[in-house]
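Survey of secondary and tertiary structure
Chain by chain, the residues:
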Amino acid sequence: MTRAQQTLSIGLLVASVYMVAFLGLAPLPAVIQNELIPVLPIWAIVSFGAYLLFKLGYGVLTFNDVPEARAELMREIQEAREELKKKGVEVD
């Protein structure tokens, strides 16, 4: 099963469980049925956004500096400037 099929299957399962709860086909207490179930998608979106922000922040926090890659990139930039100067292009 590919990742897309797996994601689609899980999404359909969650959506069908939510629809059963939202339409009242499953016996739930009135407080849950009337107050919790209608706002559940909003909670899901907010929670997913918070998770993505945490994941982004953690990725930035643990990002490793690679001095060798910087030196190589600077060398390649200098080589490109020299080639462009040979061809008559002025580069700052």
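Heads up: the structure comes first, above all this text.
Residues numbered from 1 in each chain as written. Predicted model: local features only at pLDDT ≥ 70, side-chain atom pairs only at ≥ 80, totals over all residues. Heavy atoms only, no water.

1. What about the overall build of the chain?
In terms of regular secondary structure, the chain is built from 4 helices and 0 strands. Shown N-terminal to C-terminal, the secondary structure of the chain runs as helices and strands in the order α-α-α-α. Seen through its C-alpha atoms, the chain measures out along the principal axes to roughly 80 × 30 × 25 Å. By the burial criterion, 3% of the 92 residues in the chain qualify as buried. Entry remark: accessible area of the chain is about 8,400 Å², with carbon and sulfur atoms responsible for 68%. One way to put it: in the chain the 8 positive side-chain charges average out to a point 3 Å from where the 10 negative ones average out. (Helix = DSSP H or I, 4+ residues; strand = E, 2+ residues; numbered from the N terminus. Buried < 20%, exposed > 50% of the residue type's maximum accessible area, 1.4 Å probe, protein only. Areas by Shrake-Rupley, 256 points an atom, 1.4 Å probe, with all protein chains shown as cover. Lys, Arg positive; Asp, Glu negative; His and termini not counted. Charge placed at Lys NZ, Arg CZ, Asp CG, Glu CD.)

2. Here's the deal with a nonpolar patch on the surface
Judged by side-chain polarity, Leu 28, Ile 32, Leu 36, Val 39, Leu 40, Ile 42, Trp 43 and Val 46 come together as a nonpolar surface patch covering roughly 660 Å² of accessible area. Elements with a minimum of two residues in the nonpolar patch: α2 (30–36) and α3 (40–61). Looking at which element gives the most residues to the nonpolar patch, the answer is α3, with 4 residues. Within the secondary structure, Val 46 is located in helix α3. The exposure class assigned to Val 46 is exposed, which follows from its relative accessible area of 56%. (Patch = residues over 30% accessible without salt bridge, like charges linked within 9 Å, V, L, I, M, F, W, Y side chains within 5 Å. Salt bridge = Lys/Arg side-chain N within 4 Å of Asp/Glu carboxyl O.)

3. A closer look at the layout of surface pockets
Its volume calculated, the largest pocket comes out at about 150 Å³. What lines the largest pocket is simply Val 14, Ala 44, Ile 45 and Phe 48. Per-element accounting of the lining of the largest pocket gives the leading share, 3 residues, to α3. For the lining of the largest pocket, the class distribution of residues is 4 nonpolar, no polar and no charged. (1 Å grid on protein atoms, 1.4 Å probe; cavity = no way out; pocket = protein on both sides within 12 Å on 5 of 7 lines; lining within 4 Å. Points joined across faces, edges and corners; volume = space filled by probe spheres on them. Nonpolar A, V, L, I, M, F, W, Y, C, P; charged D, E, K, R; others polar.)

4. Describing the packing of aromatic side chains
When we look at a pair of aromatic rings, we describe it by the centre distance and by the angle of the planes. Across all of its chains, the model carries 2 aromatic pairs by this definition. Between Tyr 18 and Phe 22 the ring centres are 5.7 Å apart and the planes differ by 20°, which places this aromatic pair in the stacked class. Note that Tyr 18 and Phe 22 are positioned in helix α1 (residues 3–22) at a spacing of 4 residues, about one turn of the helix. Centroid distance Phe 54 to Tyr 58: 6.2 Å. Interplanar angle 20°. Geometry classified as stacked. Taken together, the residues Phe 54 and Tyr 58, both in helix α3 and 4 residues apart, mark about one turn of the helix. Phe 54 gets classed as exposed once you look at its relative accessible area, which sits at 58%. (Phe/Tyr/Trp six-rings, centres within 6.5 Å; stacked < 30°, edge-to-face > 60°.)

5. Regarding the side chain of Gln 33
Tracing the sequence through the fold places Gln 33 in helix α2. A relative accessible area of 17% means that Gln 33 is categorised as buried. A distance of 3.2 Å separates the side chain of Gln 33 from the backbone oxygen of Phe 22, its partner in a polar contact. Residues within four places of Gln 33 in sequence aside, it is in contact with Ala 21, Phe 22, Gly 24, Leu 28 and Pro 38. (Polar contact = N/O pair within 3.5 Å; in protein donor to acceptor, adjacent residues only side chain to side chain. Contact = heavy atoms within 4.5 Å.)

Without other data, these values stay purely geometric and don't point to any function.
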